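Here are the chains, one letter per residue:
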Amino acid sequence: MVTIYIEGKAYKIKQGQNLLQACLGLGFDLPYFCWHPALGSVGACRQCAVKRFKDENDTRGEIVMACMTPADDGTRISINDPEAVQFRASVIEWLMINHPHDCPVCDEGGECHLQDMTVMTGHNYRHSRFPKRTHRNQDLGPFINHEMNRCIQCYRCVRFYRDYAGGSDLNALASHDHVYFGRFQSGPLESEFSGNLVEICPTGVFTDKSLKSHFTRKWDLQTAPSVCVHCGLGCNTIPGERYDELRRIRNRYHHQVNGYFLCDRGRYGYEFVNSTQRIRHPLRQAGSREEAKLMMETEALELAAAMLADPGKVIGIGSPRAFLESNFALRALVGPERFHAGLSDSDFKCLGTGCNILQRGPVPAATLQGVALADAAFVLGEDVTQTAPLMALNLRQMRYGKSVRIVSDFQVPEWHDAGVREIGQLQSPALFNATPYPTRLDDEAMRTVYAAPHDLVRLGFAVLAALDASVFPMPDVNDAMQALANEIAQALLKAERPLLVAGTGCGNPALIEAAANMAWYLGRKGSAAAFALCVPECNSLGLRLMGGLDLNSAFQAIDEGRADTVVILENDLYRRADAQAVDAMLQKARNIIVIDHQQTATSEKAHLVLPAATFAEATGTLINNEGRAQRGYAVMPPKGAVRAGWRWLQMLMKAAGHAGASSWLRLENLTADLVKDMPVFQPVAGLDPKPAMPTPGGKLPRQSHRYTGRTAMHADIDVSEPKPPADEDAPLAFSMEGYDGRPPAGLISRVWAPGWNSEQSLNKFQSEIGGPLRGGDPGRRLIEPPASDDIRYFAMPEQEILPGADEYLLVPIHHIFGSEELSMASPGVARQAPQPYLALRPEDAPVGDGEQVRLLVSGKSLVLPLKLLPGMPERTAGLPDGLPGVPKMVLPAVVKILGKGSIEK
Amino acid sequence: MLSNIRTIWEILRHSFRRPETIQYPEQKPYLAPRFRGRIILSRDPDGEERCVACYLCAAACPVDCIALQATEDGYGRRYPAFFRINFSRCILCGFCEEACPTLAIQLTPDYEMCEYDRQNLVYEKEDLLISGPGKYPDYNFYRVAGLAIAGKDKGEAENESEPVDTHTLLP
């Protein structure tokens, strides 16, 4: 702790900050542009000028840039000194000289940092009579709108895009006052994190293109704290709704999970909520969607009760993309012995192994924040950028972390971005990336190796052997592999916080076991080792922790006649298992009830379809990859017959005469039963934060205090205003009435503070700049492994499939845009997704790049264009995972190439 | 006593004054152009909609009786897809007119808006939009804004230079 004096008053602050951080952390309003808590200081914009005095007798002082001046013990500054105030007003007037008269038509208006800072400095009249400089814009793809006229040259965009996110195609171009932030040519931005430019840019140069198509100002959006559903990391989001339509997703700060950033899949994948493929009414179907009949809710429940009449013959299939509560309700409806986790075979095995490892310990699951702080990381078999994008972004921060640890030798403070990065150029982070095909993280890694999954397993065990041959003898690997294993082992041993990353991406549980072995060994050696498990979907871990049988046993139960009715919750089985097996089951089952929000190949074959709510219309809990239970709240009330999945199941139970469900009128009743039944979920019971302030009805408003159109938005239907819909499940109301002060950390529906309309107002919500939210970060970890010395290492498995002649081992290639089911309903995401292809290394290619090949994969013949992918391991072939047009790969599998193909007429 | 007599005297005196009352609706009073009556949406001098759907009128409205939705034409010009004022809620305070950055929304000296059915007081854009510029004949927001629209490219607005050629290094 050091003492600084602001306006003559003493304040105690943490050591090692700069003056701007210190002032903002203490709650002072000091304007700034180029500084960002995640990006550090460069002193480019000259906006945060304050006056510094030598000692208490100094009355003249000197103007310094707060962001570039360390807050040393005894520093005396004045923010309100007239000269400093005048200086800041002049700076903003210069910055505004070329700023266009655009605010009414600018998407940033109302949440614009430049607007806020202009008002804060008091500049309100343009003195310059000279013409304004103009720029031509570029088309930056489906996610980002470019309006270069508005730029104030703070350089935050390129610092984020290039230095922080590792992108290369956005740059500062041209010279002097012509400087231009864009691409060399028009074209979609290549980085998976480009959407963050919307929040990084302090003005309206980069704005959200998907929001532009249904533009709404920040104050008009009905918002609630939510959790992203597009991968397993559980990033915190703030979705915004207007006129019953989801309009955008914004980041919600969580110190230990996503920090300030989101990936583009999370930010732009929301449009499935508004999709025309939504199921909005109960449907009775006999074979095809064309013959579907709309039903009333009561009719649907009567029909369902008849279908569920024989409870011994009903099985349930849960879903990794449904809330924990919905899965629990299904498990209660059908009984634990007839509940099947709707996971693919390989996911079921991998997640089972992962859960087991996390629960057994002694090494804890890494938080995303912990990933960035690692000083050595070994990624084993996971294409992190595509399956867990924010983890890749955090792995990229290892370089920065490494240089931060040595900057004191160079007399450079930690927050000095340019200095730290200059030193970082000399440092390569100890990041080892072992994957089955070239990935986007390779440019950041110290060593990269591409090998088939079973060879990666062997590498994992070779590293364990190199760590300590007494734990595991060196497996049979070639010299190069052994040398690499030694190098990785040395780096991991040297590290204080080594990190092991593995996941379900290859569908091989042995990879997860190999990574756990290393983490356990290192943890036992005394280092703060962590294990990061990448899981495919938003509730994969929660579903797997719930137990349940695998999907094949569901197929068997129907096939053998032990069951004739199947209830499928928010799941498209054709994405989980071989189409033939699913077809067989759906044909044989007498009654199929599907509860889902999207029309899928599975819902098409159902006899009764019930419309489920999406994450935006229901409140529930999701368990992320580190076992953190996080609650997402409904942003808008469900329309018409749409209900939360668990609510449908509760109604089905009631209709079918189950006793237990009658008390489940609110989410909290169901949660209470859930934790009673399964103690592993105990922390879920206390997830709803209690508002500190007594509010009318005990609830916080979802609408801002400036929400507009309350008496006109429904007036075209009825001039009498409807009563706001009640929400029994959340401590939030669909209303603008109630306490609008600082909410508890888990209930932050929007970041706003007086004078701070942009998301930069976040500093008013944090306990320290860049630190946890006031009152502690939301969410609770379910699994904190016991510290035990009893480690039973996994043994290396016997290797299974080896491809025969003309055969190639199948490797799923993941794509951030395309491999995930729900986000593909967003037109922008679909545009960025690749077309189906078969990837081979050039040496193995029977035909040229882009030519059609005919192939045989798990008994199906396909014709796909060939993509040459230099670096693919020998005798492996890659198919894009989850992409429409590519059948579900049941791993492990082989591909047989039949020769040159042509598209069948 | 004196007060009572004075009151009677005043009443008597007023009996010979000219009446202030006029015979409405046969006779109509003079209303100044800045009278705050029925709200309209005006057009710019080129005959295009002035409203750019910035939502500021809705934000300024103390009774929240304005609802709209922004949309764009193919060239980037923004306009309201719908614009609704619920006059049964409107208090004719004129805040919307003050907030309007494009002088689109204006209050007029018309107050004759009685209806038997409240529902008929809900005005949509078709009911609000007039064919002229209203009180401000000259102003055209897009002539001063930096946004390019059909017929006005970058650098063609008032007081703007030609777009920068980023490929030159010359000063």
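Residues numbered from 1 in each chain as written. Chains lettered and ligands numbered in written order. Predicted model: local features only at pLDDT ≥ 70, side-chain atom pairs only at ≥ 80, totals over all residues. Heavy atoms only, no water.

(A) Fine view of the domain arrangement of chain A. Residues and elements named next belong to chain A. Domains assigned within chain A are domain 1 (2-95), domain 2 (348-541) and domain 3 (807-900). Computed over C-alpha atoms, the centres of domain 2 and domain 3 are 27 Å apart. With 16 residues of domain 2 at the contact, the number on the domain 3 side is 14 residues. Carbon and sulfur atoms make up 70% of the surface buried where domain 2 meets domain 3, a total of about 1,100 Å² over both sides. Among the residues of domain 2 in contact with domain 3, Gln 386, Tyr 437 and Pro 438 are the three that bury the most area, contributing 41% of the side total. Inspection of the region where domain 2 meets domain 3 yields zero salt bridges. (Domains from an automatic or database assignment. Contact = heavy atoms within 4.5 Å. Buried area = accessible area lost by both parts, 1.4 Å probe. Salt bridge = Lys/Arg side-chain N within 4 Å of Asp/Glu carboxyl O.)

(B) A look at the interface of chain A and chain B. Of the residues lining the interface, 50 residues belong to chain A; the matching set on chain B comes to 48 residues. Summed over both partners, the interface of chain A with chain B comes to about 3,800 Å²; 50% of that surface belongs to carbon and sulfur atoms. Looking only at chain A, the three residues that lose the most surface to chain B are Val 105, Thr 134 and Val 719 of chain A, adding up to 16% of its buried area. On inspection of chain A and its partner chain B, the count reaches eight salt bridges. Between Asp 64 of chain B and Arg 706 of chain A there is a salt bridge, and its shortest N-O distance comes to 3.9 Å.

(C) Local environment of the pairing of strand S2 (residues 9-13) of chain A. Residues and elements named next belong to chain A. Pairing between strand S1 (residues 2-6) and S2: five bridges, direction antiparallel. Its bridge partner being in S2, Ile 4 is matched across the sheet by Tyr 11. The antiparallel pairing of S1 with S2 creates a hairpin that spans two residues between the two strands, and Glu 7 there sits at a positive phi of about 50°. (Pairing = 2+ DSSP bridges. Helix = DSSP H or I, 4+ residues; strand = E, 2+ residues; numbered from the N terminus.)

(D) A look at the side chain of Gln 21 of chain A. With respect to the secondary-structure elements, Gln 21 of chain A resides in helix H1 (residues 19-25). The contact partners of Gln 21 of chain A, leaving out residues within four places of it in the chain, are Trp 35, Trp 415 and Ile 769 of chain A.

(E) Representation of the pattern of salt bridges. Inspection of the entire model under this criterion finds 66 salt bridges over all chains. A salt bridge links Arg 643 of chain A to Glu 297 of chain A; the shortest N-O distance between them is 2.6 Å. Remark: Glu 297 of chain A occurs in helix H8 (residues 297-307) and Arg 643 of chain A occurs in the loop between strand S28 (628-632) and helix H23 (645-655); sequence separation between them is 346 residues. For the salt bridge of Arg 396 of chain A with Asp 443 of chain A, the shortest nitrogen-to-oxygen distance reads 3.3 Å. Remark: Asp 443 of chain A occurs in the loop between strand S20 (431-435) and strand S21 (447-450) and Arg 396 of chain A occurs in the loop between helix H13 (389-395) and helix H14 (398-406); sequence separation between them is 47 residues. You can call Arg 396 of chain A buried: its relative accessible area is 9%. Judged by its relative accessible area of 51%, Asp 443 of chain A falls in the exposed class. Within this structure, Asp 107 and Lys 212 of chain A together with Glu 72 and Arg 78 of chain B form a network of salt bridges that share partners. (Buried < 20%, exposed > 50% of the residue type's maximum accessible area, 1.4 Å probe, protein only.)

(F) Structural view of the sheet that holds S28 of chain A. Residue and element names in this part refer to chain A. Overall, antiparallel pairing links the three strands, which are arranged S27-S28-S31 in an open sheet. What marks the edges here is a single partner per strand, and that holds for strand S27 (620-623) and strand S31 (780-781). By the bridge criterion, two bridges tie S28 to S31 in an arrangement that is antiparallel. The partner of Ala 629 across the bridge, within S31, is Arg 780.

(G) Representation of the nonpolar core within the structure. All names here are of chain A. In this structure, Phe 378 and Phe 681 are the most contacted members of the largest nonpolar core, which totals 217 residues. Sort the elements by how many residues they give to this core and helix H18 (residues 509-525) lands first, with 11 residues. Domain assignment of the residues forming this core places at least three in each of domain 2 (348-541) and domain 3 (807-900). Filtering out sequence-adjacent residues up to four positions away, Phe 378 remains in contact with Phe 432, Ala 434, Leu 459, Val 463, Ile 488, Leu 492, Leu 499, Leu 500, Val 501 and Met 518. (Core = buried A, V, L, I, M, F, W, Y, C linked by side-chain atoms within 4.5 Å.)

(H) Highlighting the packing of aromatic side chains. Residue and element names in this part refer to chain A. Scanning the entire structure with this criterion turns up 21 aromatic pairs over all chains. Ring centres of Tyr 260 and Phe 261 lie 6.3 Å apart, and the angle between their planes is 55°; this geometry places the pair in the tilted category. With a relative accessible area of 14%, Tyr 260 lands in the buried category. For Phe 261, a relative accessible area of 3% gives the class buried. Grouping aromatic residues by their ring pairs yields a cluster made of Phe 160, Tyr 164, Tyr 253, Tyr 260 and Phe 261. One residue, Arg 76, lies across the ring of Tyr 5, its end atom 4.0 Å from the ring centre. Here the guanidinium or amino end of Arg 242 rests over the ring plane of Tyr 707, the centre of that ring lying 5.0 Å away. (Phe/Tyr/Trp six-rings, centres within 6.5 Å; stacked < 30°, edge-to-face > 60°. Lys NZ or Arg CZ within 6 Å of the ring centre and 35° of its normal.)

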